[in-house]
Amino acid sequence: EPEVTQTPSHQVTQMGQEVILRCVPISNHLYFYWYRQILGQKVEFLVSFYNNEISEKSEIFDDQFSVERPDGSNFTLKIRSTKLEDSAMYFCASIPGQGATGELFFGEGSRLTVL
Amino acid sequence: LAKTTQPISMDSYEGQEVNITCSHNNIATNDYITWYQQFPSQGPRFIIQGYKTKVTNEVASLFIPADRKSSTLSLPRVSLSDTAVYYCLVGDPMDTGRRALTFGSGTRLQVQP
């Protein structure tokens, strides 16, 4: 069964450092998302991406965050200067397209620890 | 987007049927109701989706009354491996490519032996 893959599974970084989290969505999917989940809290929407541009973003997704689909397969989330409160699980998800069930296919997540 | 309300937690025993209800009073005409399951340190996983009446698959059933202001996820004969957080989401599948699907706080189900 096709799946969304994310790397790295766990990254530890120092506050102020840049971090790039990578995702390979399912190959024929068109819509891509990043969510995050702080330990013990709910899954929070960060950003949605379609046709090489951001469709929607939340208040969390400030100027420190950016997304990119550089080569037609990878979908990356960059945090420019990490803060302690950025420590969380980051989930990538994708959807085949409009008119499908709308089922989000999630990756296994990347755990980011900011020290 | 329709806001959802679920119980924070539920407890059950192996072999019992578990029903988790979600309220979505301002659901829109084109919205579907979708339930996800999340195990610790894993991404949420689709369980079931419906628009009205009853939907059943190999994992669960989803009951939606005529007014669609609530829905109930039914898990038959739960096992320890069903211990997870269950999320109810409401949204228009034709719109989800452009708009965010927002997760509520979810219901933490604990199944005891």
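So, here's what we can say about the structure. (Residues numbered from 1 in each chain as written. Chains lettered and ligands numbered in written order. Predicted model: local features only at pLDDT ≥ 70, side-chain atom pairs only at ≥ 80, totals over all residues. Heavy atoms only, no water.)

1. Some points on the overall build of chain A
For chain A, the helix and strand inventory stands at zero helices and 11 strands. Order of helices (α) and strands (β) in chain A, N terminus to C terminus: β-β-β-β-β-β-β-β-β-β-β. The C-alpha atoms of chain A give a radius of gyration of 13 Å, which matches the 13 Å a tight globule of 115 residues would have. Overall, the C-alpha framework of chain A stretches about 40 × 25 × 25 Å when taken along its three principal axes. For chain A, restricting intrachain contacts to residue pairs at least 6 apart in sequence, the fraction spanning at least 24 positions comes to 53%. Taken as a whole, chain A presents about 5,700 Å² of accessible surface, with 46% of it coming from carbon and sulfur. Distance between charge centres in chain A, computed from 9 positive and 15 negative side chains, equals 5 Å. (Helix = DSSP H or I, 4+ residues; strand = E, 2+ residues; numbered from the N terminus. Rg over C-alpha atoms; globule rule 2.2 N^0.38 Å. Contact = heavy atoms within 4.5 Å. Areas by Shrake-Rupley, 256 points an atom, 1.4 Å probe, with all protein chains shown as cover. Lys, Arg positive; Asp, Glu negative; His and termini not counted. Charge placed at Lys NZ, Arg CZ, Asp CG, Glu CD.)

2. Some thoughts on the pairing of strand β9 (residues 88-95) of chain A
Residue and element names in this part refer to chain A. β9 sits mainly inside the fold: eight of its eight residues count as buried. A two-sided burial pattern is seen for β9, the buried positions comprising Ala88, Tyr90, Cys92 and Ser94 on one face and Met89, Phe91, Ala93 and Ile95 on the other. Pairing geometry for strand β4 (residues 31-37) and β9, over seven bridges, is antiparallel. Counted as the bridge partner of Trp34 is Cys92 from β9. (Buried < 20%, exposed > 50% of the residue type's maximum accessible area, 1.4 Å probe, protein only. Pairing = 2+ DSSP bridges.)

3. A closer look at the state of the cysteines
Covalent bonding between the sulfur atoms of two cysteines is what defines a disulfide. According to the stated counting rule, one finds two disulfides over all chains in the structure shown. Note on cysteine connectivity: Cys23(A) is disulfide-linked to Cys92(A), with sulfurs 2.0 Å apart. With the S-S dihedral at roughly -65 degrees, the linkage between Cys23(A) and Cys92(A) falls on the left-handed side. Here Cys23(A) is found in strand β3 (residues 19-24), whereas its partner Cys92(A) is found in strand β9, with 69 residues between them in sequence. Taking the relative accessible area as the measure of exposure, Cys23(A) reaches 0% and is therefore buried. A relative accessible area of 0% places Cys92(A) in the buried class. The disulfide partner of Cys22(B) is Cys88(B), and the gap between their sulfur atoms is 2.2 Å. Disulfide Cys22(B) to Cys88(B): torsion about the S-S bond roughly -75 degrees, handedness left-handed. (Disulfide = S-S within 2.5 Å.)

4. Points about the side chain of Asp82(B)
Residues and elements named next belong to chain B. Locating Asp82 in the fold gives a position in the loop between β7 (70-75) and β8 (84-91). Comment: no salt bridge for buried Asp82; closest opposite-charge side chain is Arg45, at 6.8 Å. Here the side chain of Asp82 touches Ser79 through a polar contact of 2.8 Å, landing on its backbone nitrogen. Leave out the neighbours within four places in its chain, and Asp82 touches Gln37, Arg77, Leu109 and Val111. (Salt bridge = Lys/Arg side-chain N within 4 Å of Asp/Glu carboxyl O. Polar contact = N/O pair within 3.5 Å; in protein donor to acceptor, adjacent residues only side chain to side chain.)

5. Side note on the pairing of strand β2 (residues 18-23) of chain B
Residue and element names in this part refer to chain B. Residues of β2 alternate between two faces, with Val18, Ile20 and Cys22 buried on one and Asn19, Thr21 and Ser23 left unburied on the opposite face. Pairing analysis gives six bridges linking β2 to β7, with the strands arranged antiparallel. Opposite Val18, over in β7, you have Leu75 as the bridge partner.

6. A word on the sheet that holds β2(B)
All names here are of chain B. Strand order in the open sheet made by the four strands is β2-β7-β6-β5, with antiparallel pairing throughout. The two strands at the open ends of the sheet, each matched to only one other strand, are β2 and β5 (53-56). Shown here is a sheet whose adjacent strand axes are inclined to one another by a mean of 15 degrees, direction ignored. Where strand β6 (residues 61-64) meets β7, three bridges bridge the pair, whose relative direction is antiparallel. Bridge pairing in β7 links Phe63 to Thr72. (Axes fitted to C-alpha atoms, helices over the stretch in contact; angles between N-to-C directions.)

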